[in-house]
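A look at the structure
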Amino acid sequence: MKDADNHPSQSEINALITLFSSGQLQEALDEAATLVKNFPEDPLFHNIAGACYAGLGHLESAVNSYDKAIAIKPDYAKAHYNLGGAYHELQQLDDAVKSYESSLAIDSNYAEAHNNLGNVLRENSQLDEAVNCYKKALTIKSDYVEAHYSLGITFQELGQLNDMIEHLEQAVALQPDLAEAHYSLGDGHKDLGQLENAVESYQKALKINPDFSEAYNNLGNVFKELGQLDNAVESYQKALEINPDYPALHSNLGNAYKELGQLNEAVKSYENALFHNPDYPDSLNNLGVVFFDLGQLDDAVKSYERAIALNPNYAEAYNNLGATFSKLGQLENAIQSYDKALTINPDFTEPHNNLTIIYKKQGLINDVISSTKKAIDSMVKELTINPHDADTHNNLGIAYYEIERLDDAVQSYQKAVSIKPNFAEAHNNLGVALQKLEQFENAINSFEEAFSIKPDIDYILGNILSSKINSCNWIDIVSLLKDAKIKVNSDKKVIDSLYFLALSDDPALQKKLTEL
């Protein structure tokens, strides 16, 4: 129907908009084609046809329709905006930027154009420019959820985590059911070390979207960092129920089982990861670690070597391979592996520490001092960048201990456990340093804390017994010795064989302990 001036009637326009708005895109496109034929100089119908093509995935046709609308009406801000969206989907980012900028040159208060221009710039790694676009969008429209969310994600990429959290919190305040924003908040809190807040955010995301496997995975990671390993296992298992073919989830589950001491379950998880991705170096490395803990050293070597074959720059796998060669008594191979790890990553502290141990066994005092100093320098440098890294504080303590700087070692271990209270190895190491300083009661407290977290940690019962005997603290001595015998019978190396010899006259247990 045409009016007297050969213009479409309002009812025709409304009918087309209704079809488009209700998602009947093919019907809307058919109607738009008819109207374009009847009114070829009306930019509205070309623009709506373009939107229908875009919604149906016909992006090149969408671009042609938007171009026709703009040719008829060069100051058509909406058509320039839509053209930008089509170019973005086509990954023609420079053209997308030009289209959004053209839209904004016509209408500088077009909040959505500022936001989408920010999205393109962020994808193009122009993060500071993207931030400016999102801020302009929010100046125009302060309750613009998408802009708050996108700005928060951009701040995350820039490492500005407090700004990230501020804008994501505004996004969820405006739209509480935005699962992705709660999930990203969890990531921000985790990176800031605010682990309880991270748990809360991930759980909110999962309440909104129970099939959010990534949120279950990251929740498991936080539980693992909190030492809540059973909760971590449960989270990873729920993630795998949703996404059973994802190798990293199997690997993460294996890591949790490994920390729980459930080594056979860990092996199964890593093997499941490798079933889904045989070329997964991290799972091969982790599988090697478990084989090492199980005493299957040849299998450990094979796993590390497969990981290195896939990733020749895998410094951690070289370090672990060195530790395995050292255990096998192949010290030259061990040294070569540690040296290779340090060639790849000169600031990797563990190979320095491990080389120190070998040099100490070989009586190479100058090499011990040199290697330890290099390790200390690397760790001090690392801690200026990341002062909340509990593992590095623990490793620094080990290095200080090796060169008899015991007070410094104690301070480093104390820092490690203040950051990560469930860090059993650091508590145990702290006890060893305190014991050497003859602060036996404090040593006992540290050993008992380690024992409460991880009862099967190497030499833990021997350490407790030694400190108690040295301080004439006879409380629970008999029960501790009985527990040590039970654990040795269960293949747990909880006491040094020579020390056990002085406490027990059971030859069978003594023989078993020397074999562990």
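The structure reproduced in this document is the subject of the present report. (Residues numbered from 1 in each chain as written. Predicted model: local features only at pLDDT ≥ 70, side-chain atom pairs only at ≥ 80, totals over all residues. Heavy atoms only, no water.)

Here the focus is the overall build of the protein chain. The helix and strand inventory of the protein chain stands at 30 helices and zero strands. Per-residue burial for the protein chain yields a buried fraction of 48% across its 516 residues. Excluding contacts between residues fewer than 6 apart, the proportion of contacts in the protein chain whose partners are at least 24 apart in sequence is 46%. (Helix = DSSP H or I, 4+ residues; strand = E, 2+ residues; numbered from the N terminus. Buried < 20%, exposed > 50% of the residue type's maximum accessible area, 1.4 Å probe, protein only. Contact = heavy atoms within 4.5 Å.)

The subject of this paragraph is the packing of aromatic side chains. Inspection of every chain in the model, using the stated rule, returns five aromatic pairs. By the ring-pair criterion, three or more aromatic residues cluster together here, those being Y81, Y100 and Y110. One Lys or Arg, K141, reaches over the ring of Y144 and ends 4.7 Å from the middle of that ring. (Phe/Tyr/Trp six-rings, centres within 6.5 Å; stacked < 30°, edge-to-face > 60°. Lys NZ or Arg CZ within 6 Å of the ring centre and 35° of its normal.)

Formed by 57 residues in total, the largest nonpolar core has its most connected members in F212 and V222. Sequence-distant contacts of F212, defined by excluding residues within four places in its chain, comprise A179, E180, Y183, A205, L206 and I242. Ranked by size, the runner-up nonpolar core spans 46 residues in total, among them Y87, A130, V131 and A147. (Core = buried A, V, L, I, M, F, W, Y, C linked by side-chain atoms within 4.5 Å.)

What follows is about the side chain of N252. Turning to its location among the elements, N252 is positioned in helix 15 (residues 247-260). Residue N252 is classed as buried on the basis of its relative accessible area, which comes to 16%. Within polar-contact distance, the side chain of N252 engages the side chain of N217 at 2.7 Å. Apart from residues no more than four positions distant in its own chain, N252 is found in contact with N217, N221 and Y236. (Polar contact = N/O pair within 3.5 Å; in protein donor to acceptor, adjacent residues only side chain to side chain.)

With that settled, the discussion passes to the packing of helix 14 (residues 229-242) against helix 15. Viewed as axis vectors pointing N to C, helix 14 and helix 15 meet at an angle of 160°, and their least axial separation amounts to 9 Å. Here helix 15 runs roughly antiparallel to helix 14, going by the angle between their axes. Viewed along their axes, helix 14 and helix 15 form a crossing whose handedness is left-handed. Facing helix 14, whose interface residues are L229, D230, A232, V233, Y236, Q237, A239 and L240, helix 15 presents L249, H250, N252, L253, A256, Y257, E259 and L260. Along the lines of polarity and charge, the residues of the contact of helix 14 with helix 15 split into 11 nonpolar, three polar and two charged. (Axes fitted to C-alpha atoms, helices over the stretch in contact; angles between N-to-C directions. Parallel < 35°, antiparallel > 145°, perpendicular 65-115°, else oblique. Left-handed = near helix turned anticlockwise from the far one by under 90°. Nonpolar A, V, L, I, M, F, W, Y, C, P; charged D, E, K, R; others polar.)

Residues D282, E316, E350 and D391 make up a contiguous surface patch of negative charge. Position of D391 among the secondary structure elements: in helix 23 (residues 390-402). (Patch = residues over 30% accessible without salt bridge, like charges linked within 9 Å, V, L, I, M, F, W, Y side chains within 5 Å. Areas by Shrake-Rupley, 256 points an atom, 1.4 Å probe, with all protein chains shown as cover. Salt bridge = Lys/Arg side-chain N within 4 Å of Asp/Glu carboxyl O. Lys, Arg positive; Asp, Glu negative; His and termini not counted. Charge placed at Lys NZ, Arg CZ, Asp CG, Glu CD.)

We now examine helix 14. Counted at 1.5 Å a residue, the expected span for helix 14 with its 14 residues is 20 Å, and the 20 Å between its end C-alpha atoms agrees. For helix 14, the elements touching its buried residues are helix 13 (213-225) and helix 15. (Expected span 1.5 Å × (residues − 1).)

Under the criterion given, the structure shown has 10 salt bridges. Ionic pairing is found between E234 and K238, a salt bridge with its closest N-O pair at 3.3 Å. Linking E234 with K238, this pair stays in helix 14, spanning four residues, or about one helical turn. Residue K238 is classed as partly exposed on the basis of its relative accessible area, which comes to 31%. Among the ionic pairs, K454 bridges to E425, the shortest N-O distance being 2.7 Å. Of the two residues, K454 sits in the loop between helix 26 (440-453) and helix 27 (460-470) while E425 sits in helix 25 (residues 424-436), which places them 29 residues apart along the sequence. Taking relative accessible area as the criterion, K454 reaches 30% and is therefore assigned partly exposed. Note on E425: relative accessible area 28%, which makes it partly exposed.

Bringing the environment of E225 into the picture now. Locating E225 in the fold gives a position in helix 13. Relative accessible area serves as the criterion here: at 37%, E225 is assigned to the partly exposed category. It is 9.4 Å that separates the C-alpha atoms of E225 and F423, two residues lying 198 residues apart in sequence. In contact with E225, other than residues within four places in its own chain, are K190, L195 and K420.

With that settled, consider unusual backbone geometry. Residue Q91 is not a glycine yet carries a positive backbone phi of 60°. Relative to the helices and strands, Q91 resides in the loop between helix 5 (77-89) and helix 6 (93-106). Of note, the phi angle at S125 is positive, near 65°, even though the residue is not glycine. The topology assignment puts S125 in the loop between helix 7 (111-123) and helix 8 (127-140).

Counting through the fold element by element, N319 comes out in helix 19 (residues 315-327). Taking relative accessible area as the criterion, N319 reaches 2% and is therefore assigned buried. Among the polar contacts listed, one links the side chain of N319 to the side chain of N354, at a separation of 2.9 Å. Filtering out sequence-adjacent residues up to four positions away, N319 remains in contact with Y338, A341, F348, E350, P351 and N354.

Next up on the list: the environment of E404. Considering the arrangement of structural elements, one finds E404 in the loop between helix 23 and helix 24 (406-419). Sequence-wise, E404 and K436 are 32 residues apart; in three dimensions their C-alpha atoms are separated by 9.6 Å.

Let us now look at the packing of helix 15 against helix 17 (residues 281-293). The contact between helix 15 and helix 17 brings their axes to 10 Å, and the two run at 20°. As the angle between them shows, helix 15 and helix 17 are arranged roughly parallel. In the packing of helix 15 onto helix 17, the handedness of the crossing is left-handed. In contact with S251, N255 and K258 of helix 15, helix 17 contributes S283, N286, V289 and V290. The residue inventory of the contact of helix 15 with helix 17, partitioned by class, reads two nonpolar, four polar and one charged.

Here helix 25 contains 13 residues, and its C-alpha end-to-end distance of 19 Å stays within 8% of the 18 Å for a straight helix at 1.5 Å per residue. Burial within helix 25 is extensive, with 10 of its 13 residues counted as buried. Of the positions making up helix 25, those classed as buried are A424, A426, H427, N428, N429, L430, G431, A433, L434 and Q435. Along its buried surface, helix 25 packs onto helix 23, helix 24, helix 26 and helix 27.

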